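Listed below, chain by chain, are the residues.
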Amino acid sequence: LFNEQKNHMFSLIENSQCGMKKALFLIYLSDHPLCAHDIGNSLNISMARTTVLLQKLEKKNYIKREIDSNDKRRIFIKLTEEGIKNVENYKNHIYL
C-alpha cells in the first residue's frame, strides 16, 4: 500500500519542486521512521544530493533529525508541524 500511495503522489507532484516535495511526501506517507539513506534510495538520488535536499528542508523548518534511541548511530528524519502543514496544503491543492 505504501508504494502505491508513494507512486501516486509522486506522479502528481510538479517537476519544479520535485525533490523537496517527493521527500516530504515520502516521510509523510511512511509507516516507519526513515533515515537519510532510506530517503535517498527511495528517490533514487545520491547521498550527496540527499544531504543537500535534507539541509534545504531543515532550513525551511519542514523536517527535524532525531537520534534513534536504540542505536545512537542512526538518525531519523521526521516532519515538523510546519512540514506536515506544507504536505497537507499541497495534497489538498493537487486534489482540487
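Throughout what follows, the structure given in this document is the object of discussion. (Residues numbered from 1 in each chain as written. Predicted model: local features only at pLDDT ≥ 70, side-chain atom pairs only at ≥ 80, totals over all residues. Heavy atoms only, no water.)

### Here we look at the overall build of the protein
Rules: Under the scheme used here, helices are H or I runs from DSSP no shorter than 4 residues and strands are E runs no shorter than 2 residues, and both carry numbers assigned from the N terminus. Only protein chains enter the accessibility calculation, which uses a 1.4 Å probe; a residue whose area is less than 20% of its type maximum is buried, one above 50% is exposed, and one in between is partly exposed. The contact definition used throughout considers only heavy atoms, calling two residues in contact when any of these lie within 4.5 Å. Shrake-Rupley sampling with a 1.4 Å probe provides the accessible areas, and residues are treated as covered by the protein chains on show and by no other component.
Counting its regular elements, the protein contains five helices and three strands. A total of 96 residues make up the protein; the buried ones form 35% of that total. Taking as baseline every contact in the protein between residues at least 6 positions apart, the subset at least 24 positions apart corresponds to 47%. When the accessible area of the protein is evaluated, it comes to approximately 6,200 Å², of which 48% is carbon and sulfur surface.

### Examining helix α4 (residues 47-59)
Note the threshold: Expected helix span is taken as 1.5 Å per residue step, with the number of steps being one fewer than the number of residues. The directions from the helix axis to the C-beta atoms form the arc being described.
Compared with the 18 Å implied by 1.5 Å per residue over 13 residues, the 18 Å span of α4 between its first and last C-alpha is a close match. Buried within α4 are the following residues: Thr50, Leu53, Leu54 and Leu57. The buried residues of α4 occupy an angular sector of 95° when projected down its axis, which confines them to one face. Pointing more than 90 degrees away from the buried face of α4 are the exposed residues Ala48 and Lys59.

### Some remarks on the environment of Glu88
In this structure, Glu88 sits in helix α5 (residues 81-94). Judged by its relative accessible area of 32%, Glu88 is partly exposed. Along the sequence, Glu88 and Phe25 sit 63 residues apart, while their C-alpha atoms lie 9.2 Å from each other.

### Concerning a positive patch on the surface
Spelled out, the test is: Candidate patch residues must exceed 30% relative accessible area and have no salt bridge, after which like charges are joined if within 9 Å and Val, Leu, Ile, Met, Phe, Trp or Tyr side chains if within 5 Å. A pair is scored as a salt bridge if a Lys or Arg side-chain nitrogen falls within 4 Å of a carboxyl oxygen belonging to Asp or Glu. We treat Lys and Arg as the positive residues and Asp and Glu as the negative residues; His and chain ends play no part in the count. Think of each charge as sitting on NZ of Lys, CZ of Arg, CG of Asp or CD of Glu.
On the surface, Arg49, Lys56, Lys59 and Lys60 cluster together to form a positively charged patch. Mapping Lys59 onto the fold places it in helix α4.

### Let's talk about the pairing of strand β3 (residues 75-79)
As a reminder, the rule being used: Each pair of strands is called paired provided DSSP finds at least two bridges between the two strands.
Two strands pair when backbone bridges link them, and strand β1 (residues 34-35) and β3 are joined in this way by two bridges, in the antiparallel orientation. What sits directly across from Leu34, in β3, is Ile77. Bridging between strand β2 (residues 63-67) and β3 involves five bridges; their strand directions are antiparallel. Within β3, the residue paired with Lys64 across the bridge is Lys78.

### Observations concerning the sheet that holds β1
The line we're drawing: Only the stretch in contact is used when a helix axis is fitted, and all axes are lines through C-alpha atoms; the angle between N-to-C directions ranges over 0 to 180 degrees.
A sheet is described by the order of its strands in space; here three strands give the open sequence β1-β3-β2, paired in antiparallel fashion. Each edge of the sheet is formed by a strand with only one pairing partner; in this case those strands are β1 and β2. Sitting on the sheet, α4 touches β2 and β3, and the angle it makes with β2 is about 110°.

What is shown is where atoms sit, not what they do.
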